[in-house]
Amino acid sequence: MTKDKKTGILIVNLGTPQSFLKKDVAAYLREFLMDGRVIDIPGWKRWLLVNLIIVPFRTPKVAREYKKLWMKGGSPLSVYGKQLVTKLRSLFSNNVKIELAMRYQEPSIEKGLQKLQQAKAEQLVVLPLFPQYASATTGSVAEKVMQIISDWNIIPTVRFINSFHRDEGFILSFAGKVSEDLDKYRPEHVLFSYHGIPQRHLQNMNNDDIIHCNHAYRKSGACKACSPYCYRSACFETSKMIAGTLGLSDENYTTSFQSRLGKSPWIKPYTDKTIQLLAGKGIQNLLVVSPSFVADCLETTLEIGEQYRDLFLNLGGKNFHFTESLNAGDEWVNSLGKLIAKEIGEEKEIPRPTLSFGWNS
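Colleague: Explain the sheet that holds strand β8 (residues 319-322) here, please?
Modeller: Remark on secondary structure: sheet strands pair via backbone hydrogen bonds, oriented parallel or antiparallel. Spatial ordering of the open sheet is given by β6-β5-β7-β8, a layout of four strands whose pairing is parallel. In this open sheet, the two strands that pair with only one neighbour each are β6 (253-258) and β8. Strand-to-strand, the axes of this sheet are offset by a mean angle of 25°, without reference to chain direction. As paired strands, strand β5 (residues 189-195) and strand β7 (residues 285-289) are joined by four bridges and run parallel to one another. Of the residues in β7, the one forming a bridge with phenylalanine 192 is valine 289. Its contacts with the sheet place helix α6 (residues 168-185) against β5, β7 and β8, and it is angled at close to 165° to β7.

The structure is reproduced here in structure tokens:
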């Protein structure tokens, strides 16, 4: 991309209900779950499942959960997203316009793109805030963006940052957060817990990649990155890079997957089962980190911070801590700014975070 051209940056996260009231939560769940990349079954079956089963039965519970974590300015994804974009804008000239959007609900992708179009952006960079690529997240954002832009008379140059799980700034930002908690809590073990996806979502990959990924998992519980679009491999690689930055040995950490829904197989190992195994081995001081989320939300604050905490303590564990996400911290903002600057041809020098922890000290 050309740095002298007027550039629009669209920062996209998953989405949030407009309030914790049941009607708003139901609207969010309906839009989210009716996405064919999220629940990849025939449309009529998806409609029946979402509208007659999932939304009626899950809305009251989800509404209560959102009420627990609701902040003064809205849901955490909304509050941290606004803070993030405000800080990012301060890093760039007036020639770069940055807008926040949510894949589901408000602020919508369509409204974000309209603002960039009105600003006469000649080129667009779309950055979904999902470090590891998955069809149900980054793929869905890309599909929606192209669907909207295809109706424009003038279609600008568009670039997608499809993943950043290997990005040095992302790794260092998360390592910096974990480093603080390792120093503070001195855990016996670190569990990297990622949002899960159905196993079938990997079936559209190259078959050789699937075979490699499954073989590596069976052999060692981890796998090398066989494809930048293999979500499971990307998660294992993120864990390895953060652990390597912190000097953790293979015995000091484990990777697992949470948030499964329904009866079909999801990618393994499952976080709840892994916690049971760790507790069974006598681990009593556990730190959990979730590098698939760059902002705290239901899955981090409540699923990990409450449900998994209770599970671990009920199994005999003594201390359970969760490393908060990157949210809108300055180091993360600077790292993200550097990532964007590189994409549009404006290199920026970003200071490295201080990693003070020594595992064996």
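Colleague: In this structure, what is going on with α6? I would like to understand it.
Modeller: Between its first and last C-alpha atoms α6 spans 25 Å; for 18 residues at 1.5 Å apiece the expected length is 26 Å, and the two agree. Counting buried residues in α6 gives 13 out of 18 residues, a clear majority hidden from the surface. Sitting at the head of α6, aspartate 167 places a side-chain oxygen 3.1 Å from the backbone nitrogen of glycine 169.

Colleague: Even after reading the chapter, I still don't get a nonpolar patch on the surface, so can you show me in this structure?
Modeller: A cluster of nonpolar side chains, contributed by Trp44, Trp47, Leu48, Leu52, Ile53 and Phe57, occupies part of the molecular surface with about 710 Å² of accessible area. Inspection of the secondary structure assignment puts leucine 52 in helix α2 (residues 43-69).

Colleague: Is there a simple way to think about helix α11 (residues 330-343) in this case?
Modeller: The periodicity of an α-helix, 3.6 residues per turn, causes residues three or four positions apart to be oriented the same way. In this model, α11 (14 residues) spans 20 Å end to end at C-alpha, consistent with the 20 Å of a helix rising 1.5 Å per residue. Looking only at α11, the buried set comprises Trp332, Val333, Ser335, Leu336, Gly337, Leu339, Ile340, Ala341 and Glu343. Against β1 (7-15), α3 (76-89), β3 (123-128), β4 (157-160) and α6 lie the buried residues of α11. Glycine 345, located one to two residues past α11, shows a positive phi value of around 85°.

Colleague: Help me out: how do you make sense of the packing of aromatic side chains in this one?
Modeller: The geometry of an aromatic ring pair is captured by the separation of the ring centres together with the interplanar angle, meaning the angle of the planes. Evaluated as defined, the whole model comprises 13 aromatic pairs. A ring pair is formed by tyrosine 133 and tyrosine 229, whose centres lie 4.9 Å apart and whose planes are at 85°; its orientation type is edge-to-face. Of this pair, tyrosine 133 sits in the loop between β3 and α5 (135-149) while tyrosine 229 sits in the loop between α7 (207-220) and α8 (231-246), placing them 96 residues apart in sequence. Assessed through its relative accessible area of 16%, tyrosine 133 is described here as buried. Judged by relative accessible area, tyrosine 229 falls into the partly exposed class, the value being 44%. Pairwise contacts between aromatic rings join Phe164, Phe170, Phe174 and Trp332 into one cluster.

About the cut-offs
- Residues numbered from 1 in each chain as written.
- Predicted model: local features only at pLDDT ≥ 70, side-chain atom pairs only at ≥ 80, totals over all residues.
- Heavy atoms only, no water.
- Pairing = 2+ DSSP bridges.
- Helix = DSSP H or I, 4+ residues; strand = E, 2+ residues; numbered from the N terminus.
- Axes fitted to C-alpha atoms, helices over the stretch in contact; angles between N-to-C directions.
- Contact = heavy atoms within 4.5 Å.
- Expected span 1.5 Å × (residues − 1).
- Buried < 20%, exposed > 50% of the residue type's maximum accessible area, 1.4 Å probe, protein only.
- Polar contact = N/O pair within 3.5 Å; in protein donor to acceptor, adjacent residues only side chain to side chain.
- Patch = residues over 30% accessible without salt bridge, like charges linked within 9 Å, V, L, I, M, F, W, Y side chains within 5 Å.
- Areas by Shrake-Rupley, 256 points an atom, 1.4 Å probe, with all protein chains shown as cover.
- Salt bridge = Lys/Arg side-chain N within 4 Å of Asp/Glu carboxyl O.
- Phe/Tyr/Trp six-rings, centres within 6.5 Å; stacked < 30°, edge-to-face > 60°.

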